[in-house]
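# Summary of structural features
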Amino acid sequence: MNKQTIIRHVLGDNESLSQYATGDVVTLVDIKRRLFALERGENTHIPDHHYRLLVEKSFKDLKNLADVLTIGLSELSENILDSDNGRLFVIPNAQHHWQDLITEITPLLLQSTFIWKQNRVKWNNPVDVQSFYDQCILLNFRHTALPSPDIGPLQDFCVKNKGFHDLHMHLNGATEVDVIWQDYLQFPDKIYNELTEGWKSEKVRELLEQETSLFIPLKFRNLLTGARRIRHLLYKIIVIKNPDSVHGSLKNVLRNLTDNSSSIPGDNSNNPFLNLIIQEKNEISPIAVEALMYVRVMDYISDNPNNGVSELFHFYLLILGLCNRLLVQQRHQNGFEQFQKITLSGLREYTERKYEDRFHQIRGNKLGHLSLLEGRFSPKDTEEKLSTMLNSVVNAWDIMVSSDRKKGIKSPDFKLVAHFIKKSEGKNPDNNIRHKKLRIDLMNRAIVLSLLTRKYKKYKKLVTGIDAASSEFDAPPEVFAPSFRLLRRSFNHFTYHAGEDFHHITSGIRAIYEAIIFTDMHSGDRIGHAVAIGLSPSQWIKSMGKQLLITKGEWLDNLIFVYHLIKKDTEITSRPFHKKIVPAILKLAQEIYQENYSLDNLEQSWLYRKYEPMLVFAKDREQAQYRTVFDEEQWQEIKHLKIPDKTKEILRKYHSSKNRPYYEEIITINSNEIFTNADLLIFQRKVLKFMQARNIAIEALPTSNIRIGHYQNFKAYHLWNWLKWHAIDKEHIPPIVIGTDDTGIFATNIFNEYANIFHHLTGAGKKSVSSALDTIKMLEDNSKKFFFK
């Protein structure tokens, strides 16, 4: 595979995008300089003379911009892609490199350059063009632009198994960037309206401003309009052969493209390259037509490198590249907050109101990758909104099933899991109850969902599980516990996003434990991600550094959690930190709560956070009934607890705005303060054992975990730790199942996730094919046992 080329940065060149947008022409010298800077930015510790040679090597045979956009791009796919009877696939040992590459350049463009290099089309012969479209383009891009590796043993297993179970996929966040791009060019004003809403969020502004200097929503809208106009100009020049359609100098054309007040040709929303094929065949795929356009344009500019068309195409691809960086999590966008910014931007909202194409997409072009899908959705706050949304999903799935039936294809099984969203308290939190607004909202949504599924059997059969998703920094498990216990009466199985991202690894371990005990998880339930109990502590410290920032209250809670583990386990009690932890807890508690409390009261107050504080603090039943979160069963449970006065006092102070400034005070600690790497590893293993004893599974989501977690590549991924521990100490590791998370944001599908696992096991993992297949079978068997029925 060709790793030693800086051409992979060509769509990430913001400076050239800005230059085109202001009407200036970009030269090859400009591009070399800018790609040099982008490559250097990935590792500034390497001297410039190394990068200078890399530029020379990358551009050795590229004499002009047209060469960069044809030969240069096609070289990226050398030793990565191949084809068999026209069908493209990823070469197996290049799977991880491919997974990284498509964060920078869209899969559709990379495959189109491969097709361009492998085929010569007689464009003046409609029959030849149609044959090329059917046999090379549509074959590869009918439903998805995402290819899979040609791993024979894995494919055979998949066929025999009738596809894989995907137990963790969010319906929103699933659509591929190449699909969304078509909507962007067709409906730029609708995209602008959605982005205008997202723009109100500071996190969204952070994302947009870190990826481009062009940003305000109107400028983005004008770029999309410009890209649409470029598409029409390319068609007129290349197909209609009317070079005069570019009036005046190239600079004037570029300047007018993104001028919202100008009226130049190209405001028709349809892709004009659709006219190259026979539309009556009713086999029209927008992404396939886009691929056909790429190949046609590359053919043209390779023969005509100096007439301005290369610059127009370059501008078009740079706008696409910007969209890709805003829709797909990049390798430089580490951590959950970066992911969250993508979800909050509104840039997926318009496309993801439609479901049918998405269901085809996630199955792959062969339609055989998927056996069962658990799709996640966010429940609405009224019965009308919820039923409308569910009906949209069900109708789209039914249409696909009906189409499959006509073709004699077996459709996958389909279930839904309702994921309740973690939200921050915002600027005006309640003075006496943490997350009061969210608690009320969650309870309301829980009641709506519970009543609707009881009322209609079709929804009860479809919605089989409950989840809590989004940033763990926004709301802890205790906030969801009361609503989840209410939902236990209507639903059998629960999962929870926990331990995915954290300030301190102990915080992540604690979040997993809290999610289990606070929401009363039991056999057959699952935890999503659980990175904190798989990630190597030494690797985490290497990533974070020797010192880190954390709030005083979070650190206190971590120490109380460990104290809780100490009381249950003599192995932990014998560790050297045992003598340090008690005085540390008492000191922090006195600073936060402004009074001295016993360890038992502090531990109890932490454990009692699972109960609804508005009911805990109610003086009597009458007062409790006035609370919008009142629930009879939970009121009776709290009433019979007989919470000690001191414990309740700590709980009040924990929630009180008077003590929160002390709790939220940011302190600096050593990463290994009190706990060594060996201690942290013991905590991980204890929680894993705790989960195994309760028969609670872990949802591993490889590409998502790599992008969000503390990893540079798949070699360091924590799944390998779990598999190793399972082989050595089987009885202490809970079952592991596989999912995709957000297939569009992470550019993946369920087959490719298993391929990523298989590739590591047979490569860096040094396992035989047979041994790797045994692992794949174990993971898939776990999924068959743990999907929510």
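The rules we used
- Residues numbered from 1 in each chain as written.
- Predicted model: local features only at pLDDT ≥ 70, side-chain atom pairs only at ≥ 80, totals over all residues.
- Heavy atoms only, no water.
- Patch = residues over 30% accessible without salt bridge, like charges linked within 9 Å, V, L, I, M, F, W, Y side chains within 5 Å.
- Areas by Shrake-Rupley, 256 points an atom, 1.4 Å probe, with all protein chains shown as cover.
- Salt bridge = Lys/Arg side-chain N within 4 Å of Asp/Glu carboxyl O.
- Lys, Arg positive; Asp, Glu negative; His and termini not counted.
- Charge placed at Lys NZ, Arg CZ, Asp CG, Glu CD.
- Helix = DSSP H or I, 4+ residues; strand = E, 2+ residues; numbered from the N terminus.
- Buried < 20%, exposed > 50% of the residue type's maximum accessible area, 1.4 Å probe, protein only.
- Pairing = 2+ DSSP bridges.
- Contact = heavy atoms within 4.5 Å.
- Axes fitted to C-alpha atoms, helices over the stretch in contact; angles between N-to-C directions.
- Phe/Tyr/Trp six-rings, centres within 6.5 Å; stacked < 30°, edge-to-face > 60°.
- Lys NZ or Arg CZ within 6 Å of the ring centre and 35° of its normal.
- Expected span 1.5 Å × (residues − 1).

Before going further, it helps to examine a positive patch on the surface. Among the surface-exposed residues, Lys32, Lys57, Lys60 and Lys63 lie close enough to one another that they form a single positively charged patch. Among the secondary structure elements, Lys57 is positioned in helix α3 (residues 48-58). Taking the relative accessible area as the measure of exposure, Lys57 reaches 48% and is therefore partly exposed.

Read across the sheet, five strands follow the order β3-β4-β5-β6-β7 without closing on themselves; strand pairing throughout is parallel. With one partner strand each, in any of the chains shown, β3 (164-170) and β7 (493-494) form the two edges of the open sheet. Inspection of the sheet shows β3 paired to strand β4 (residues 370-377) by five bridges, in the parallel sense. Looking across to β4, one finds that Met169 is bridged to Gly375. In this fold helix α18 (residues 383-407) packs onto β4, β5 (413-421) and β6 (463-469), with an angle of close to 150° to the strand it touches most, β5.

It is worth spelling out the packing of aromatic side chains at this point. Counted according to the given criterion, the structure contains 36 aromatic pairs. Relative to Phe313, the ring of Tyr294 has its centre 6.3 Å away and its plane inclined at 55°; by these criteria the two rings are tilted. You can see Tyr294 sitting in helix α14 (residues 286-303) and its partner Phe313 sitting in helix α15 (residues 309-327), a full 19 residues away along the chain. Ring centres of Phe484 and Phe494 lie 5.4 Å apart, and the angle between their planes is 50°; this geometry places the pair in the tilted category. Here Phe494 lies in strand β7 and Phe484 lies in helix α21 (residues 477-487), a separation of ten residues in the sequence. Each member of the pair Phe484 and Phe494 is classed as buried. In this structure an aromatic cluster arises from ring pairing among Phe420, Phe480, Phe484, Phe494 and Tyr496. Here the guanidinium or amino end of Arg526 rests over the ring plane of Phe788, the centre of that ring lying 3.9 Å away.

The end-to-end C-alpha separation of helix α26 (residues 578-593) is 23 Å, in line with the 22 Å expected for 16 residues at 1.5 Å each. Looking at the buried side of α26, the elements it contacts are α24 (552-568), α27 (599-607), α31 (645-655) and α32 (660-663). Backbone geometry just downstream of α26 places Gln594 in the positive-phi region, at approximately 60°.

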